[in-house]
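Next come the chains, spelled out residue by residue.
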Amino acid sequence: MNPEFIDTHTHLDGEEFAADLDQVVARAREAGAAELWLPAIHLPSVATVKAVAQRYPGFAYPMIGLHPEEVKDDWKQVIAEMKQLMSPEMIAIGEVGLDYYWSREYADEQLEAFRQQVEWSIACRLPLVIHCRKAQNEMVKLLMEYRKELVGGIFHCFTGNAHEAAELLQFERFVLGIGGVLTFKKSHLPEVLPSAVPLHRIVLETDAPYMAPVPHRGERNEPSFVTHILRRLAESYGVSEEEVARVTTATARALRQKRFAL
């Protein structure tokens, strides 16, 4: 029997899975998945993540949020409409954050949209699921303003160094989301993580359909591929796969159930 894991970040509501979603979910269960968490990225995806969660109750869980790359001139209206769609089954405010990788055209708007969603998270007492590319300084500066009020959450797709890890882990009740990059040949994460990050401050994720781990790199990613991330983490920390699965699953459940003593 495979160790039980939680994929804390998977876009199963996307068109990439429209033709074979049931099979993808069946493979995830067979691989050991206990839960799949579904981030929203824009207004239409609020409905689609809810639909997937309703299709697999008690297994798939929806989030609500505006992805930084989706922040445009109408972002205030979009967030206002999202707030009208808020419902009790939402487990987090996500996927939100800052992304200055491709362009800084909407840098100011991204910052303000992120601020509003941080405040939304605090008001709702829901964790944040944060996307950040080429903007860690700006993100940390903003979060520091709310440090005592933050509920907790996940820094999605962490790929940084030991200094960056320490900077993020200063935020209590926040953990790092580790995905397929860990398995890449040139990744420094197998050395960085054991030296800088306690295992209980890590959760597993795929970001499916993106960022598939080795040996599936270049393919459509899916939750069953978490097993490759889990195996590489176990090797890096020098513990069993069962231990990695046990610890990361407990951390993820604590976040979802809002038991934030991490």
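Scroll up a little and you will see the structure.
Residues numbered from 1 in each chain as written. Predicted model: local features only at pLDDT ≥ 70, side-chain atom pairs only at ≥ 80, totals over all residues. Heavy atoms only, no water.

### A few points about the pairing of strand β4 (residues 93-99)
In plain terms, the rule: The buried label goes to any residue with under 20% of its type's maximum accessible area, the exposed label to any with over 50%, and the partly exposed label to all in between, with areas taken from a 1.4 Å probe on protein chains only. In this description a helix means any DSSP run of H or I spanning at least four residues, a strand means any run of E spanning at least two, and both kinds are numbered starting from the N terminus. Strands pair, by our definition, only if DSSP identifies at least two bridges between them.
Of all 7 residues in β4, 7 are buried; the element is thus mostly enclosed. As defined by bridge partners, β4 adjoins strand β5 (residues 128-133) across 6 bridges and the pair is classed as parallel. Looking at β5, one finds that Gly97 is bridged to His131.

### Here we look at the layout of surface pockets
Here is the rule: For cavity detection a 1 Å grid was placed over the protein atoms alone, and a set of points counts as a cavity when a 1.4 Å probe fits there but cannot get out; an open set counts as a pocket when protein lies on both sides within 12 Å along at least five of seven lines, with lining residues being those that have an atom within 4 Å of a point. Grid points are joined across faces, edges and corners, and a volume is the space filled by probe spheres set on the points. Residues are grouped as follows: Ala, Val, Leu, Ile, Met, Phe, Trp, Tyr, Cys and Pro are nonpolar; Asp, Glu, Lys and Arg are charged; every other residue, Gly included, is polar.
Estimated volume of the largest pocket: approximately 960 Å³. For the largest pocket, the lining is made up of 39 residues, of which His131, Cys132, Arg133, His156 and Cys157 are closest to its centre. Residue composition of the lining of the largest pocket, grouped by class: 14 nonpolar, 14 polar and 11 charged.

### Notes on the pattern of salt bridges
We apply this condition: By definition here, a salt bridge exists when the distance from a side-chain nitrogen of Lys or Arg to a carboxyl oxygen of Asp or Glu is within 4 Å.
Applying the stated criterion across every chain yields a total of 17 salt bridges. Residue Asp20 is joined to Arg27 by a salt bridge in which the shortest nitrogen-to-oxygen separation is 3.9 Å. Beyond isolated ion pairs, a larger network of salt bridges with shared partners links Glu4, Glu35, Arg253 and Arg256.

### Quick word on unusual backbone geometry
In the segment running from Ala208 into Pro209, the intervening peptide bond is cis, with an omega of 15°. Cis geometry marks the peptide bond from Val214 to Pro215; its omega dihedral reads 15°. Within the secondary structure layout, Pro215 lies in the loop between β8 (202-204) and α8 (226-237). Not every positive phi belongs to a glycine, and Arg125 is a case in point at roughly 60°. Relative to the assigned elements, Arg125 resides in the loop between α4 (107-124) and β5. Notably, Cys157 is not glycine yet its phi reads approximately 55°, a positive angle. By the secondary structure assignment, Cys157 is in the loop between β6 (153-155) and α6 (162-169).

### Comments concerning the state of the cysteines
Our working definition: Any two cysteine sulfur atoms within 2.5 Å of one another count as a disulfide.
Scanning the entire structure with this criterion turns up 0 disulfides. Cys132 takes part in no disulfide bond, and the closest cysteine sulfur, belonging to Cys157, lies 11 Å away. For Cys132, a relative accessible area of 24% puts it in the partly exposed group.

### A look at the packing of helix α3 (residues 75-84) against α4
Using the following cut-off: Comment: axis = line fitted to C-alpha atoms, over the contacting stretch for helices; angle = value between 0 and 180 degrees taken between N-to-C directions. Comment on the angle field: the value is read as roughly parallel under 35 degrees, roughly antiparallel over 145, roughly perpendicular from 65 to 115, and oblique elsewhere. Crossings are sorted by hand: turned counterclockwise from the far helix by less than a right angle, the near helix makes the crossing left-handed, and turned clockwise it makes it right-handed. It only takes one pair of heavy atoms within 4.5 Å for two residues to be counted as in contact.
As a packed pair, α3 and α4 sit with axes 10 Å apart at the nearest point and diverge in direction by 20°. As the angle between them shows, α3 and α4 are arranged roughly parallel. Regarding α3 and α4, the two cross each other, and that crossing is right-handed. Residues Trp75, Ile79, Met82 and Lys83 of α3 touch α4, and the partners they reach there are Glu109, Glu112, Ala113, Gln116, Gln117 and Trp120. Grouping the constituent residues of the contact of α3 with α4 by class yields 5 nonpolar, 2 polar and 3 charged.

### As for empty space enclosed by the protein
Counting across every chain of the model gives 2 cavities of 30 Å³ or more. Empty space within the largest cavity amounts to approximately 50 Å³. Here the residues of the lining of the largest cavity sort into 4 nonpolar, 4 polar and 2 charged. Computed from the structure, the second largest cavity encloses a volume of approximately 40 Å³. If you trace the second largest cavity, you find it lined by Trp37, Ile91, Ala92, Pro127, Val129, Ile154, Leu255 and Arg256. Its residues assigned to classes, the lining of the second largest cavity comprises 7 nonpolar, no polar and 1 charged.

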